[in-house]
Every structure is written in C-alpha cells, then in structure tokens.
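# Tertiary structure, described
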Amino acid sequence: MADRYEPQSFESKWRERWQEAELFKTKETPGRPKFYGLDFFPYPSGAGLSIGHCRNYIPTDVVCRMKLMQGYNVLHPMGFDAFGLPAENEAIKRQTHPAEMIERYAATYRRQMDLIGISFDWSRSFKSSDADYYKWTQWIFGVLFNRGLAYRKLAAVNWDPIDKTVLADEEVVGGRAERSGALVEKKYIPQWFFKITDYAQRLIDDLDLVDWPEGIKNQQRNWIGRSEGVQFTLKVAETGRPEGPIDLDVDEPQTEKPLTFDVFTTRIDTVFGMTFCVLAPEHPLIASLPITEEDQARIKEYQDQAKTLSDADRQSDSREKTGVFTGAYAINPSNGKRVQIWIADYVLATYGTGAIMAVPGHDQRDFDFSVKFGIPVVPVIKPTTDYLEPFAKEGESTDEVYQRYLNDPTAFNPVFASKESVLINSGEYDEMSIPIAQQNLGEWVEAHQIGQRKIQYKLRDWLISRQRYWGCPIPIVHTKDGDMHLVSTSSLPVELPKVDHYEPSGDGTSPLAHIPAFVNATDNDGRLGMRETDTMGGFACSSWYFLRFCDPHNFDKPWSTEAAKYWMPVDTYVGGAEHAVMHLLYARFWTKVLYDAGLVDVQEPFQRLQNQGQVLAHTPYRKPREDERLDIGEDGILVSFDEAKTLPKDQLMWRWARMSKSKGNVVAPEEMVSTYGADALRIYMLFVAPFNSDVEWKSEGVESAAKFLNRVFKIVDTLKTHYTSDWKSLLAFEELDSVARQIRRVTHQTIASCTDDLDRFSFNTYVSWLMKYVNGLNEQFAAANFAGVDARVQALAFSEALETLILLMAPIAPFASDELWESIGKAGFTLEAEWPVSNPSLAAEDEVTIAVQVNGKLRATFDLPVGTDNATHEAQALAHPKILPYLEGNTVRKIIVVPGKLVNIVAN
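In this report, we go over the structure that sits alongside the text. Worth saying up front: this structure is predicted, and the values here are computed from it rather than measured.

### Focus: the overall build of the protein
When helices and strands are tallied, the protein shows 30 helices and 32 strands. Along the first, second and third principal axes, the C-alpha atoms of the protein reach 115 × 95 × 65 Å. Across the 908 residues in the protein, those meeting the buried criterion constitute 53%. Considering only residue pairs separated by 6 or more positions, the protein has 74% of its internal contacts joining residues 24 or more positions apart. When the accessible surface of the protein is split by element, carbon and sulfur atoms take 49% of a total near 40300 Å². On the protein, the mean spot of the 96 positive side-chain charges and the mean spot of the 127 negative ones are 3 Å from each other.

### Digging into the sheet that holds strand β32 (residues 902-907)
Sheet strands pair via backbone hydrogen bonds, and the direction of the pair is either parallel or antiparallel. Read across the sheet, four strands follow the order β30-β29-β32-β31 without closing on themselves; strand pairing throughout is mixed. Each having just a single partner strand, β30 (857-865) and β31 (892-898) make up the two edges of the open sheet. Taken pair by pair, the neighbouring strands of this sheet meet at an average axis angle of 20 degrees, ignoring direction. Bridging between strand β29 (residues 847-854) and β32 involves four bridges; their strand directions are parallel. Paired with Ala851 across the strands is Leu902, a residue of β32.

### Thoughts on unusual backbone geometry
Residue Pro493 follows Leu492 across a cis peptide bond; omega there is 5 degrees. Residue position: Pro493 is located in the loop between β19 (484-486) and α14 (516-519). Within the chain, Glu431 stands out as a residue other than glycine whose phi angle is a positive 70 degrees. By the element assignment, Glu431 lies in the loop between α12 (398-407) and α13 (434-447). On the basis of relative accessibility, which here comes to 55%, the residue Glu431 falls in the exposed class. Residues other than glycine seldom take positive phi values, yet Phe761 does so here, at roughly 60 degrees. In this fold, Phe761 is placed in the loop between α24 (738-759) and α25 (763-783). For Phe761, a relative accessible area of 4% puts it in the buried group.

### Concerning the side chain of His76
The residue His76 is located in the loop between β2 (73-75) and α3 (85-94) in this model. Under the relative-accessibility criterion, His76 is labelled buried at 3%. The residues touching His76, leaving out its near neighbours within four places in the chain, are Gly37, Asp39, Thr60, Asp61, Cys64, Ile118, Ser119, Phe120 and Asp121.

### Observations concerning the packing of aromatic side chains
In the structure shown here, the tally under the stated rule is 58 aromatic pairs. On the basis of an interplanar angle of 80 degrees and a centroid distance of 5.1 Å, the ring pair of Phe691 and Phe761 is categorised as edge-to-face. Pair noted here: Phe691 is in the loop between α21 (678-687) and β28 (695-696) and Phe761 is in the loop between α24 and α25, with a separation of 70 residues, a long-range link. Assigned by exposure class, Phe691 and Phe761 land together as buried. Arg17 extends its terminal NZ or CZ atom over the ring of Trp14, reaching a point 4.5 Å from the ring centre. Residue placement shows Lys135 over the ring face of Phe555; its charged tip is 4.6 Å from the ring centre.

### Section: the pattern of salt bridges
Applying the stated rule across the entire model yields 45 salt bridges. When the shortest N-O distance is used, the salt bridge between Arg745 and Glu845 registers 3.8 Å. Residue Arg745 is found in helix α24, and its partner Glu845 is found in the loop between α28 (840-843) and β29; the two are separated by 100 residues along the sequence. On the basis of relative accessible area, Glu845 is assigned to the partly exposed category, the value being 41%. Each of Lys13, Arg17, Glu819 and Glu822 takes part in one network of salt bridges that share partners.

### Describing the packing of α24 against helix α26 (residues 791-809)
Describing two packed helices takes the angle between their axes plus the distance from one axis to the other. One can describe the packing of α24 onto α26 by two numbers: an axis separation of 8 Å at closest approach and a directional angle of 15 degrees. On the basis of their axis angle, the class for α24 and α26 is roughly parallel. Judged by the twist between their axes, the crossing of α24 over α26 is left-handed. Here α24 contributes Val739, Ala740, Ile743, Arg744, Thr747, His748, Thr750, Ile751 and Cys754 to the contact with α26, which in turn contributes Val793, Gln794, Ala797, Phe798, Glu800, Ala801, Thr804 and Leu808. Of the residues in the contact of α24 with α26, the class split is ten nonpolar, five polar and two charged.

### Topic: the nonpolar core
Residues Leu681, Trp697, Met809 and Ile812 are the most contacted members of the largest nonpolar core, which totals 101 residues. It is α26 that contributes the most residues to this core, eleven residues altogether. Those residues within four positions of Leu681 in sequence are excluded, and the remaining contacts are Ile51, Cys54, Ile116, Pro669, Met672, Val673, Trp697 and Val702. Grouped together as the second largest cluster of nonpolar side chains are 88 residues, Trp462, Phe546, Ala580 and Leu609 included.

### Observations concerning empty space enclosed by the protein
Under the defined criterion, the tally for this structure stands at one cavity of 30 Å³ or more. Quantified by volume, the largest cavity comes out at close to 30 Å³. Looking at which element gives the most residues to the lining of the largest cavity, the answer is α13, with three residues. Tallied by class, the residues present in the lining of the largest cavity amount to eight nonpolar, no polar and no charged.

### Focus on the sheet that holds strand β15 (residues 462-463)
On the basis of which strands lie adjacent, the open sheet formed by four strands has the order β4-β3-β7-β15 and antiparallel pairing. Among the strands making up the open sheet, the edge pair consists of β4 (165-167) and β15. Sheet topology note: the strand β3 (residues 150-160)/strand β7 (residues 185-194) ladder contains ten bridges and is antiparallel. The residue bridging Ala155 from the neighbouring strand is Ile189, located in β7. The strands touched by helix α5 (residues 131-146) within the sheet are β3 and β7, with β7 carrying the most contacts at an inclination of about 90 degrees.

### Description of the packing of α21 against helix α22 (residues 700-719)
Running from N to C, α21 and α22 point in directions that differ by 110 degrees, and their axes come no closer than 8 Å. Considered as vectors, α21 and α22 are oriented roughly perpendicular to each other. Handedness of the crossing formed by α21 with α22: right-handed. In contact with Asp679, Ala680, Leu681, Ile683 and Tyr684 of α21, α22 contributes Gly701, Val702, Ala705, Ala706, Phe708 and Leu709.

### As for the pairing of strand β12 (residues 338-343)
Counted residue by residue, β12 has six buried out of six residues, so it is predominantly covered. Pairing between strand β10 (residues 276-279) and β12: four bridges, direction parallel. Within β12, the residue paired with Cys277 across the bridge is Ile341.

### Here we look at helix α20 (residues 669-676)
Every buried residue belonging to α20 is among Pro669, Met672, Val673 and Tyr676, and all of these are buried. Buried positions in α20, seen along its axis, are confined to an arc of 100 degrees and lie on one side of it. Looking at the buried side of α20, the elements it contacts are α1 (11-20), α2 (51-69), α4 (98-115), α21 and α22. Just beyond α20, the residue with positive phi is Gly677, at close to 95 degrees.

### With respect to the side chain of Gln220
Tracing the chain through its elements places Gln220 in helix α7 (residues 214-224). A distance of 2.8 Å separates a polar side-chain atom of Gln220 from the backbone oxygen of Ala580. Here Gln220 is in contact with Leu207, Trp212, Ala580, Val581, Leu584, Leu585 and Arg588, once residues within four sequence places are set aside.

Conventions used here
- Residues numbered from 1 in each chain as written.
- Predicted model: local features only at pLDDT ≥ 70, side-chain atom pairs only at ≥ 80, totals over all residues.
- Heavy atoms only, no water.
- Helix = DSSP H or I, 4+ residues; strand = E, 2+ residues; numbered from the N terminus.
- Buried < 20%, exposed > 50% of the residue type's maximum accessible area, 1.4 Å probe, protein only.
- Contact = heavy atoms within 4.5 Å.
- Areas by Shrake-Rupley, 256 points an atom, 1.4 Å probe, with all protein chains shown as cover.
- Lys, Arg positive; Asp, Glu negative; His and termini not counted.
- Charge placed at Lys NZ, Arg CZ, Asp CG, Glu CD.
- Pairing = 2+ DSSP bridges.
- Axes fitted to C-alpha atoms, helices over the stretch in contact; angles between N-to-C directions.
- Phe/Tyr/Trp six-rings, centres within 6.5 Å; stacked < 30°, edge-to-face > 60°.
- Lys NZ or Arg CZ within 6 Å of the ring centre and 35° of its normal.
- Salt bridge = Lys/Arg side-chain N within 4 Å of Asp/Glu carboxyl O.
- Parallel < 35°, antiparallel > 145°, perpendicular 65-115°, else oblique.
- Left-handed = near helix turned anticlockwise from the far one by under 90°.
- Nonpolar A, V, L, I, M, F, W, Y, C, P; charged D, E, K, R; others polar.
- Core = buried A, V, L, I, M, F, W, Y, C linked by side-chain atoms within 4.5 Å.
- 1 Å grid on protein atoms, 1.4 Å probe; cavity = no way out; pocket = protein on both sides within 12 Å on 5 of 7 lines; lining within 4 Å.
- Points joined across faces, edges and corners; volume = space filled by probe spheres on them.
- Arc of directions from axis to C-beta.
- Polar contact = N/O pair within 3.5 Å; in protein donor to acceptor, adjacent residues only side chain to side chain.

Listed below in structure tokens is the structure:
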C-alpha cells in the first residue's frame, strides 16, 4: 500500500471483490436486530445520476454500513419507479419504446451507484413496470375496490393539453402542469378515485406515531385540512331581484318546498353578520335559481371563464377576487334577513358543500369581496381595545373609535377576534363570549333541525386515472349491462400490450382504448365486456414498493406475512421534502388500508424520515424581454452554458439553482470519481453542510476531501510500523502512562461522538471528528517515546487507534478503508468487522474545568481532577488570586458547589 491516497490503484479491485463476495446481499441471521434503510423510489432518467442524487444515496449508505458493522441484519434495497409520465415523455422524445429505454437507463443508474460504492442489495431489485411487480399493484387495487375505496365517477379534472392527460391537484402549480408547464384546463370525463378521505383523521392522528420532521407533518396536516364547525341549510327567497333599494328586513313568503342549499362554517358565532353567500360556479343549484334571463347570461359567461382556471389559481390569496351576483337571495336563519347569493370562483364545488356563508365584518376575503362589490358589512364581534387603539385619531378615546367602527366598519380591517371577545348585533347572543356562542348556536342549529355540528376536511379523494399508455392497467372489465367486474387474481396481471405506437390519443381517451385486442375481454363469468383503458398514476406504483422489497421473489403473494412482519416498518426513509403531500401521504394511506385488511402488521410504513437538502449549481440566466413569460419563482430566462458565453455581461445573470437535467447544470459523479475517487466525493457530500441544508456545489471541496484522505493514508502508514494485531488482549494487563491514556481517551471520545453523529444524521460533524482524530493522532505520535520504558503500552494504544480510525472511516470511505484494512494484515472486509464501541471510563477526562462565580458573575476558572470533593472545590475557589479582590472587605455568606462544574460565592 502506498503512503498516499491513490484511488485509481485500488477502487476497481474492491468493487469487483465486493460483487464476487455478494457482500451487500441481505442476511437474516437469527438473534440479530434488524434495520431497514430505504431511499425514495427513483425514476431512472436518461441523464443518469447527478451529484444531486448523491446527496441522499451516500448518507443512507453510510448509516446502513454502520448498522451492519454493529451487528444488525440490514435491508438496503434499490429499484426503479419506471411507470408514468416522465418515462413515457422521454421515450416519445427519443422515438423508442419506454420498456426498452427504462432497461438501459436503469442499467446506467446501477453502474453509477456501484461506482460510488453504494451498498445496495441488487438481488432484490425490480422496476414498477415489471409484470411480476404490477401484478400485485393490480391486486392491491382489488383490495381497495372490494373495500369500497376505489370507485369511478364523472368528474371535473385538470386536463394537461400538452401531455394530453389528467393531473391530480398536487401536480398543478400556479395553474400550470408541474411537468409540462401547460395552462391546465377543466374537462369532465369518467375517472377512477381512491377514497383517501375515509382515512383523513387517522392520517392526521398517526403522525404522532412517527419520527418525522415537524415541517413535513404540518404540511400533511394542512393538506388534509381538518376543521370543526357547523353545516346548516339556507333557504332561497322565493322572489327574484326586488325593485329599488334592497330592504334586508323584509321576511320572504315561502312555498312548501323551497329551494335550499347547505353551507359549512367554522365560525357559527358570526352567523348574524352574514350579508351574502357564495356558490361555486359549478354548483347544481344555480340552474334552479329564480333569476332573469339577463342574470342567466351573465352567470353563463362567468361559469365559462371559471372553467379555464385551475383550483390552485381560483384559491390563490394573491389573485383579485371576481364574482357575479345571481339576482337571487337566501334567508339568514339567525335573523330572517335576506342575503345576496353570489357566484365566485374562489369557492370550489369539490370542497365542502360548494357554498359558503360570507361574513365581511370578520373575514378578510369576504371583506375584500364586499368592499369591491358594495355589499353591506355588519360587525357582530366587539373589537378589543388593543385592536381599536391603532385606529384612534389624536385626542380620540377608544369608545369614540368603537362608535366610528359601528358607523362605518368598512373603514377598518375585519376584526380577527380573540376568545375573550364578545358578540354584538346578535340578538339574544349579545355579550356572549365566542366559545360559548359557538356552543349555543351549534345547539340552536341542531334543535331547529336546519343543520348539525360536524368535522370537515380539505382533503379530496385521490384521482388515479391517467389517459396514457405507460402505466399500470386498471384491472376492471365493463360489461354491457353497465356493471364493473374486478379481474380475478388468477388472471393477473392484466399486461400492458407491446405496441409500436403508444402516443397520447389527443381525444381524452387512453391509447389503450384504440387497441381492440386489449379492449375486448370477458369478465370472470365469461361475459363479453370492455377492459378499462385508463392506467394508474405513478404514485400508485410507489405506494407499496417498500413492502415488495421485503419479499421480492414471491410468485404467489405480494409479500409473505413473515417477511413483512420482520422487516416493516422502514426504520429510516430518506428523500426529498417535495413529496410531503403526495407520495408520503399516499403510501401511508395504502399501508393503513392493508393493515385494516389484515395484510400487514404496521399502520405506518416509515418510522423515521430524513429529508436531504438540495445540491445547487451555479447556473446562467439572461434578463427577460418584455414579451417573455417567466417560470414561477424565476427572475430570468434559463440559458445554456454555451449561450452564456455569447451574452453581454449586462444581460447575463448567475443564479444558484437546483441541479437538474432540465437546467443543463448537472455534474455527473463519473467526472469527480475519475479525478478524485469515489471516497473523496462521498466525504465531500457528507462534510459540506448539515444533511438537511442546501449545498452550493464546488468541485474544490472534493479536492479538499482527497487531501484529507491523503492525511489518513499517511498516519496509517506511520502507525502500522508499531502495530500489534492482538493489542486488545495485551492492553488489558498494561498500566497506562499519560501518553497511552491520552491516546485511548481521544480514541474512545471519537468513537462515541462518531456513533452518535451517524445515528443523528449529523454527517458533517462526524467527518469533523475524524479530521480532529487524525490531527490528534499525529500530535500524540510526535509526543510518544518508543525507546522508553512505556514504548510497549504506547504502541498498543496506537494499535487500537489505528484499527479504530480505519473502522470509523469505513462507512464514508469504504474503498480506502478496505485497502488500509488489508495493508495492516486484516482479511475480509471492513463491513464484516465489528463497529468500535466506546468505553465511558476510558473516554472520561482526567481533569475538569471549574467555573468560579462571585454573586452570579463569572470571575475565574481552574482545573481539578475528576471526582474531587466539594471541600476542595471551595478551598481552591476561595484561594484563587482572581477571586481574592472580590472578597476583600466582604463577608462570604454562602458557597454553592456544583461538583465538576461550578463554584458560586455569595459575598457582601
């Protein structure tokens, strides 16, 4: 072995040896604890791995390697999320078939992952597009279908006119398709849904069972959107638009069966302040309202405009509110007054009842709407003094401000009242506190049988239909009588037909609908029918892959009960925070359904979640022209690096942007490995920043990591001349001198710190400890005396340190560590060696520093041997030369001793 880090001389050797030994193959040795470490299911793109991918694969690998060395049975698998739009669009672009393309791309990913030393068990690998895999995706669809959790209905969907497919709400950002950038349109077609809403409360409650970042938990809670309130019925006034001024105090005569609609509110205490209500443009009541032909025409025009907007755009806080008055009125049940019925696109037909009561006196959105359209504002919550004071004019009392508020509430912002506020303008409920009013009004609504208290969620059912070819076929046959029949398990998988042309049809149907050999089928009873031609969205395929990894070669079942019981849940799951409300939510839902069906023993799939930061690359942009549309969050137009060279300096802007193929700023791992070695790349990715922080990519950092590895090789080369392989048995009988004691102290402190850091995903401090350790060993070696009487014990202490250094380096620098391990005469691999264990007594310091305070202020410090009694603490503190001046002329009243830490002298 050379005395310097030369990765080209040994990396390929160890890579081959690991593969020959099947070193990373999962073992289930009885009596050992298990650890299941998993990365998010990746889509294998044509660009292959980038440095950005290394940000999560390398850290997960490091932890899995340590767990193996600690004696765990470790499951560390990898597969590929191959179905879905990304693969199909790429295949269309390349004019090839997605199946063949995915095979090539997956092979590239595997080669690159092996290149950087990731310890995946490839014997368990699969792609979601493998028939052996999606057979069981279809089987789980059947579990959902049979439990009433998969259903088909005509629905307004988000239509992507470029990709020509339906998108889930989560795939629409700012009114545009997240992937294609197209303006999303509304379209009504039959769609398949999973009834995730049945699990809304459990999805909230069980977040308390998992060790996840609080930010991710909150994103899921907000997405599910639990709200407690009252749903009640409003009657439509029988007459149409009145002539002349609106008299809100007129009670309307009603027919025996008046038109009604329901609204939901979390603020029933403000019901007396309702001055208008709003229907979604799609609300079915609109067609029955008693309105004029002129009103109908205006409403139709507004409805057509609303169809062009996505739900996200319609509910955007930054967008100016629009609406149209229907000419009809409803009756406020709390006071019998008429309120205007409006139509506005910020109300969604798919959320709640598709209608809201509007209280402009106490809601910002309603207030803005009422001011814009001249709708009355009636305050019903008394503003607090703290609220009124900022509005006071010079010399004006808060009582006078309050009177001014009552006379013209539009001159004020809506009052967001506290629980201490009381009701006004609310009849018998005046002066009642908000909580009590909510309780009493809720009871009043139920007593009068016009509504009920209930819990509502923003979460909507999961749209899974895709009108595309490259996806998992839905195992349903439609018969002529209109029935839907689930394909039997024995007939699964419903295989995707191999065709030459699979491009989107463009008419809203799947390309599979135009393949008679696929469409024409029989149900389980032999009746003729038509096969379902929609395919499932890719998130369905990635909602259970972690279970298949437990038992990937089982032909008869998706997994065996024993395998899933042993390995699940995933102990540590690693991936990007951008999947908080999609993949992570869907996987939790499927796991709960499978638990309820008695198919798994866990209710949560991922016990611990870690989100890595992004890798940012310095990326060129140019200033936009006036006619150019900017992408969301951008302030310039992305350009290639070649184009950047031709731009004038005043037009060029450099930005730190996420490393991605679409931005053309990808750095491939091969480039770094060929120059600096895989271990240098691994160390840099771990050391550059805390795991969850973004990283600004600089190749100079990899060079610095290589220099550190050089220092490791040099210290190993230096120490191995004094190395004794049986140091452990010999050290037990030796009395340590001060040098040996310090060597062992630093060694065991480093073991403890490194182990703790890896468990906490604190990789940057872990590497920092190793760097300090190398520096410390160099210092101790310089202080050692190998010619003196203590030479033997010092050599044994250095032998322990030498082995410890190599083993602590093994998870982050596996190639170099195996090379160094072999150089000191060790057989096998570091991965098969035992992880060092810290001895607390050896790690403890001989001395501790004591802080001395006088009357609570730090005045001095001194050192004492560990375990010194309190009397010595006091004596040393009182005699300290820096303390004496503060005691002169004063009487010591009290001395407080915190052993090993502090002496506080109270004197006056």
